[in-house]
Amino acid sequence: MRATASTTGQARCASVATLAESATATTCSAIVARRYHFAIVPSGTFEEAIELVKAGLAQAALVPGAYPKIGSFFMDPDLRLVRSFAAEIPALVLAAKPKNRPPFRQVFAHPATKPFWSEVKVPVIEAASNDAAAAAVDSKRVACITNAAAAKHAGLKILRVFREASPMAWNLFVRAGGSGSNTPASVPAPAPAPATPQAD
């Protein structure tokens, strides 16, 4: 049997701080980090992830190109972008409790999904992450915009797909002028996504 990306990638592991309540979170960031064999340092916001890198507590911060405030990271003199790559994220959806239907009183969503907010025609409440948005659906008058994995994990029903699963740009930031584990050379290229094993 040939070696696959899922086995060879483990040796290329680096710690990345990213938006995730835990290493098993279903945020898009956590899903991508696990797929590419990065060790996740959970962070409540992408800004917190950046601070963990500056403090030397993570080798890099993983931030999606869709994050509205990513520009400030590119311009930060204490940071350096060392790698950008494309990785697929789950579908972005409107979801609610299984028996619930519109109209809803309010919808919870992370700012990265803001392009869809105007399509729900009700007030949108900012959530800390896709997981947090899904967890906030606690009544029949509430819905969320989240990713399909987070919706499934929270036991929600998908009512609408705004964007099918497709590639997103991802960016790795390290501390500029760092040493040791925070130098750009120490952050490996993302290992290829796991492939189906093939027999020789």
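Note that this is a predicted model, so its numbers are computed, not measured.

Draft legend 1. Region of the structure containing the overall build of the protein chain. In terms of helices and strands, the protein chain carries six helices and ten strands. Expressed as a percentage of its 200 residues, the buried residues of the protein chain come to 47%. The long-range fraction of contacts in the protein chain, counting pairs at least 24 apart against all pairs at least 6 apart in sequence, stands at 73%. Roughly 9500 Å² of accessible area belongs to the protein chain as shown, and the carbon and sulfur atoms make up 57% of that amount.

Draft legend 2. Structural view of the sheet that holds strand β7 (residues 124-126). Ordered in space as β7-β6-β8-β5-β9, the five strands form an open sheet in which the pairing is mixed. At either end of the open sheet lies a strand with only one pairing partner, and these are β7 and β9 (157-163). Each strand of the sheet is rotated relative to its neighbour by a mean of 25°, with strand direction disregarded. Looking at chain direction, strand β5 (residues 92-96) and β9 are connected through five bridges and run antiparallel. Counterpart to L94 in the pairing with β9 is R160.

Draft legend 3. Layout of helix α2 (residues 28-35). Burial analysis of α2 places six of its eight residues in the buried class, the great majority of the element. Of all the residues in α2, the buried ones are C28, S29, A30, I31, V32 and A33. The first or second residue beyond α2 is H37, which carries a positive phi of 65°.

Draft legend 4. Examining the pairing of strand β1 (residues 15-19) more closely. In terms of burial, β1 is a largely internal element, five of the five residues being buried. Of the strand pairs in this sheet, β1 and strand β2 (residues 39-43) are connected by five bridges, and their pairing is parallel. Bridging from a neighbouring strand, V16 pairs with I40 of β2. Since β1 and β2 lie parallel, the crossover through α2 that links them has a hand, and here it is right-handed. Bridge analysis of β1 against strand β3 (residues 60-64) gives two bridges, and the strand direction is parallel. If you follow A17 over to β3, its bridge partner there is A61.

Draft legend 5. Highlighting the environment of A86. With respect to the helices and strands, A86 occurs in strand β4 (residues 79-89). In this structure A86 comes out as exposed when scored by relative accessible area, which is 55%. In the structure, A86 is positioned 54 residues away from V32 in sequence and 9.8 Å away in space, judged by C-alpha atoms. Every residue in contact with A86, bar those within four places of it in the chain, is listed here: Y36, P167 and M168.

Draft legend 6. Quick peek at a nonpolar patch on the surface. Residues F74, M75 and L81 make up a contiguous nonpolar surface patch of about 330 Å² in total accessible area. Looking at the element boundaries, M75 is found in helix α4 (residues 71-75).

Draft legend 7. Here's a closer look at the confidence of the model for the protein chain. Considering every residue of the protein chain, the mean pLDDT works out to 87; 82% of them sit at 70 or more. When the criterion is pLDDT under 50, residues 1-12 qualifies, and its contacts beyond four places in sequence or with other chains add up to 24 contacts. Note on residues 195-200: pLDDT under 50 across the span, and nine contacts to partners over four residues away in sequence or across chains.

Draft legend 8. How the structure looks around the environment of T18. Following the sequence through the fold, T18 ends up in strand β1. With residues up to four places along the chain from it excluded, the contact list for T18 reads S29, A30, I40, V41, P42, S43, F46, A49 and L62. Among the polar contacts made by the side chain of T18, one reaches the side chain of S29 at a distance of 3.4 Å. Of note is the side chain of T18, whose polar atom sits 2.7 Å from the backbone oxygen of L62.

Conventions adopted
Positions within a chain are numbered from 1, following the residues in the order the chain's sequence is written. Reporting of local features is limited, given that this is a predicted model, to residues whose pLDDT is at least 70; pairs of side-chain atoms are given and counted only at 80 or more, and all residues count toward the totals for whole chains, interfaces and linings. Side-chain numbers here rest on the full set of heavy atoms in the structure, without hydrogens or water. Numbering of helices and strands runs from the N terminus; a helix is a DSSP stretch of H or I covering at least four residues, while a strand is a stretch of E covering at least two. The buried label goes to any residue with under 20% of its type's maximum accessible area, the exposed label to any with over 50%, and the partly exposed label to all in between, with areas taken from a 1.4 Å probe on protein chains only. What makes two residues a contact is simply this: any of their non-hydrogen atoms within 4.5 Å. The protein chains shown are the only cover counted for residues, whose accessible areas, like all others here, come from Shrake-Rupley with a 1.4 Å probe. Two strands are said to pair when DSSP picks up at least two bridges between them. Between N-to-C directions, angles cover 0 to 180 degrees, with each direction set by a line fitted to C-alpha atoms, over the stretch in contact for helices. Here, the term right-handed applies to a crossover whose path from the first strand over the helix to the second runs clockwise when the strands point away from the viewer. In this scheme, patches are assembled from residues that exceed 30% relative accessible area and form no salt bridge. Like charges are connected within 9 Å, while nonpolar side chains (Val, Leu, Ile, Met, Phe, Trp, Tyr) are connected within 5 Å. Throughout this description, the term salt bridge denotes a Lys or Arg side-chain nitrogen within 4 Å of a carboxyl oxygen of Asp or Glu. The quantity known as pLDDT measures the predictor's confidence residue by residue, on a range of 0 to 100. Residues adjacent in sequence count toward polar contacts only when both atoms are side-chain atoms; beyond that, a polar contact is any pair of N or O atoms within 3.5 Å, and within protein one must be able to donate a hydrogen and the other to accept it.

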